[in-house]
Amino acid sequence: MAPAAAPRAWQRMLSGRRLDLLDPSPLDVEIEDIAHGLARVARWNGQTRGEHSFSVAQHSLLVEAIAGHLNPDWPAAARLTALLHDAPEYVIGDMISPFKAVMGDAYKAVETRLLAAIHLRCGLPAETPLALRRRIKEADRIAAFFEATELAGFGRSEALKFFGRPQALPRAVMDWLRPLATEPAQAAFVARFGALAPA
């Protein structure tokens, strides 16, 4: 009896790239694939108000806008890192935090490898420095609070317990909470990437 073939661990992208989840190469990462995927992945498992899902692409734009508001002196590379903080989800989807807790280190290992490849492709260090990671996480938690209370049906007291107390944000930042259709969300992500990425 012939040995069983190893299970497929790669995904074909619309760009034609074949991304290996076990050993992702920066050469197989394309921003158009990332934007396409993230604009079609729903935050909160799709349990949000509005005509359209609130996509990970929009969440990424929101987090980058919050991070920029909190850190106005950040260089473009730091803001690009914030924009790409959830970029692996274009391949592996947006797992809600309770499911990540169930999956444990296996999920985190795949996510970390993908993010390193994405960073290298985009001219960033493979590993984000701890101080920068913490500031991006702060912006991520603020985004989660407003997404939870404005879109995902959380009461304020419940959101405070899980995400902490956020600070007030300017209207230009809060405007990213309005769910967009897929194509505009994808285009906005690509445009922001273009504004921040090295030439």
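Our structure is the block above this text.
Here, residues in each chain are numbered from 1, in the same order as that chain's written sequence. For a predicted model such as this one, the threshold for reporting local features is a pLDDT of at least 70, and the threshold for listing and counting side-chain atom pairs is 80 or more; totals across whole chains, interfaces and linings nevertheless cover every residue. Processing note: side-chain calculations cover all non-hydrogen atoms of the structure and skip hydrogens and water entirely.

Student: For the overall build of the protein chain, give the residues involved together with the corresponding values.
Tutor: Under the DSSP-based scheme used, a helix requires at least four consecutive residues in state H or I and a strand at least two consecutive residues in state E, with every element numbered from the N terminus. Assigned secondary structure in the protein chain consists of 10 helices and 2 strands. Along its sequence from the N terminus, the protein chain presents helices and strands in the succession β-β-α-α-α-α-α-α-α-α-α-α. Against the compact-globule benchmark of 16 Å for 199 residues, the protein chain has a radius of gyration of 17 Å, which places it among compact chains. With the principal axes as the frame, the protein chain shows a C-alpha extent of 65 × 40 × 35 Å. Counting contacts in the protein chain only where the partners sit at least 6 residues apart, residues at least 24 apart contribute 65% of the total. Atoms considered for the radius of gyration are the C-alpha atoms alone. The globule rule reads 2.2 Å times the number of residues to the power 0.38. Only heavy atoms matter for contacts: two residues are in contact if any of them lie within 4.5 Å across the pair.

Student: Outline the environment of Val56, supporting the account with residue identities and numerical values.
Tutor: With respect to the helices and strands, Val56 occurs in helix α2 (residues 56-70). A simple rule labels every residue: compare its accessible area, found with a 1.4 Å probe on the protein chains alone, to the largest value its type can have, and call it buried under 20%, exposed over 50%, or partly exposed in between. Given the relative accessible area of 0%, Val56 is considered buried. Residues Val56 and Met95, 39 residues apart in the sequence, show an inter-C-alpha distance of 11 Å.

Student: Go over a nonpolar patch on the surface with me, naming the residues and quoting the values.
Tutor: Residues enter a patch when their relative accessible area is above 30% and they make no salt bridge; the linking distance is 9 Å between like charges and 5 Å between nonpolar side chains (Val, Leu, Ile, Met, Phe, Trp, Tyr). Computed by Shrake-Rupley with a 1.4 Å probe, the accessible areas treat only the displayed protein chains as cover when residues are assessed. A side-chain nitrogen of Lys or Arg and a carboxyl oxygen of Asp or Glu constitute a salt bridge if their distance falls within 4 Å. Taken together, the side chains of Ile96, Phe99, Val102 and Met103 define a hydrophobic patch exposed on the protein surface, amounting to about 360 Å² of accessible area. Among the structural elements, Met103 can be located in helix α5 (residues 97-103). Owing to a relative accessible area of 39%, Met103 belongs among the partly exposed residues under this scheme.

Student: Provide a residue-level description of helix α1 (residues 31-38), including the pertinent values.
Tutor: Across the 8 residues of α1, 6 count as buried, placing the element largely inside the fold. Buried within α1 are the following residues: Ile31, Asp33, Ile34, Ala35, Gly37 and Leu38. Where α1 is buried, its residues contact α2, α4 (89-92), α6 (105-121) and α10 (182-196).

Student: I'd love a proper account of α6, names of residues and values included.
Tutor: Given 3.6 residues per helical turn, the α-helix brings residues three or four places apart onto the same face. Between its terminal C-alpha atoms α6 stretches 24 Å, which fits the 24 Å expected from 17 residues at 1.5 Å a residue. All buried positions along α6 are accounted for by Tyr107, Val110, Glu111, Leu114, Leu115, Ala116, Ala117, Ile118 and His119. Against β2 (18-20), α1, α3 (76-83), α4 and α5 lie the buried residues of α6. Looking one or two residues past α6, Gly123 carries a phi angle of roughly 80°, positive in sign. An expected span of 1.5 Å times one less than the residue number is assigned to each helix.

Student: Please give an account of the nonpolar core that cites residues and values.
Tutor: Counting residues in each nonpolar core, the largest one holds 33 residues, and the members touching the most others are Ile34, Leu80, Leu84, Tyr90, Ile118 and Phe189. Those elements that place two or more of their residues in this core are α1, α2, α3, α4, α6 and α10. Leu62, Trp74, Ala152 and Val173 belong to the second-largest nonpolar core, a separate cluster that totals 28 residues. We call a set of buried residues a nonpolar core when its members are Ala, Val, Leu, Ile, Met, Phe, Trp, Tyr or Cys and they connect through side-chain atoms within 4.5 Å of each other.

Student: Explain the packing of α2 against α3 to me, and be specific about the residues and the numbers.
Tutor: Axis angles are defined between N-to-C directions and span 0 to 180 degrees, where every axis is a line fitted to C-alpha atoms and, for a helix, only to the segment in contact. Where α2 contacts α3, the two axes come as close as 8 Å, and the packing angle between them is 145°. Crossing handedness for the pair α2 and α3: right-handed. For the pair formed by α2 and α3, the contact residues are Ser60, Leu61, Val63, Glu64, Ala65, Ala67 and Gly68 on the first element and Arg79, Ala82 and Leu83 on the second. The classification used treats Ala, Val, Leu, Ile, Met, Phe, Trp, Tyr, Cys and Pro as nonpolar, Asp, Glu, Lys and Arg as charged, and all other residues, Gly among them, as polar. Of the residues belonging to the contact of α2 with α3, the class tally is 6 nonpolar, 2 polar and 2 charged. Should the near helix be turned anticlockwise from the far one by less than a right angle, the crossing is termed left-handed; should it be turned clockwise, right-handed.

Student: Go over the side chain of Thr81 with me, naming the residues and quoting the values.
Tutor: Within the secondary structure, Thr81 sits in helix α3. A relative accessible area of 7% means that Thr81 is categorised as buried. Nitrogen and oxygen atoms within 3.5 Å of one another constitute a polar contact, given that in protein one can donate a hydrogen and the other can accept it, and given that sequence-neighbouring residues count only through two side-chain atoms. A polar atom in the side chain of Thr81 sits 2.8 Å from the backbone oxygen of Ala77. Those residues within four positions of Thr81 in sequence are excluded, and the remaining contacts are His119, Leu124, Thr128, Leu132 and Ile136.

Student: Any details on the packing of aromatic side chains? Residues and values, ideally.
Tutor: Each aromatic ring pair is summarised here by two numbers: the centre-to-centre distance and the angle between the ring planes. When the centres of two rings from Phe, Tyr and Trp lie within 6.5 Å, Trp using its six-membered ring, the rings pair. Their planes under 30 degrees apart give stacked, over 60 give edge-to-face, and anything left gives tilted. Counted according to the given criterion, the structure contains 5 aromatic pairs. Look at Phe154 and Phe163: their rings are 5.9 Å apart centre to centre, the planes differ by 50°, and that puts the pair in the tilted class. Residue Phe154 is classed as partly exposed on the basis of its relative accessible area of 23%. The interplanar angle of 55° and the centroid separation of 6.4 Å between the aromatic rings of Phe162 and Phe163 together place this pair among those described as tilted. Classification of Phe163 by relative accessible area gives buried; the value is 18%. Ring pairing ties together the aromatic residues Trp44, Phe154, Phe162 and Phe163, which thus form one cluster. A cation over a ring is seen here: Arg8 above Trp10, with NZ or CZ 4.9 Å from the ring centre. The ring centre of Trp10 lies 4.4 Å from the NZ or CZ of Arg18, which sits over that ring. A ring has a charge above it when a Lys NZ or an Arg CZ is no more than 6 Å from the ring centre and no more than 35 degrees off the ring normal.

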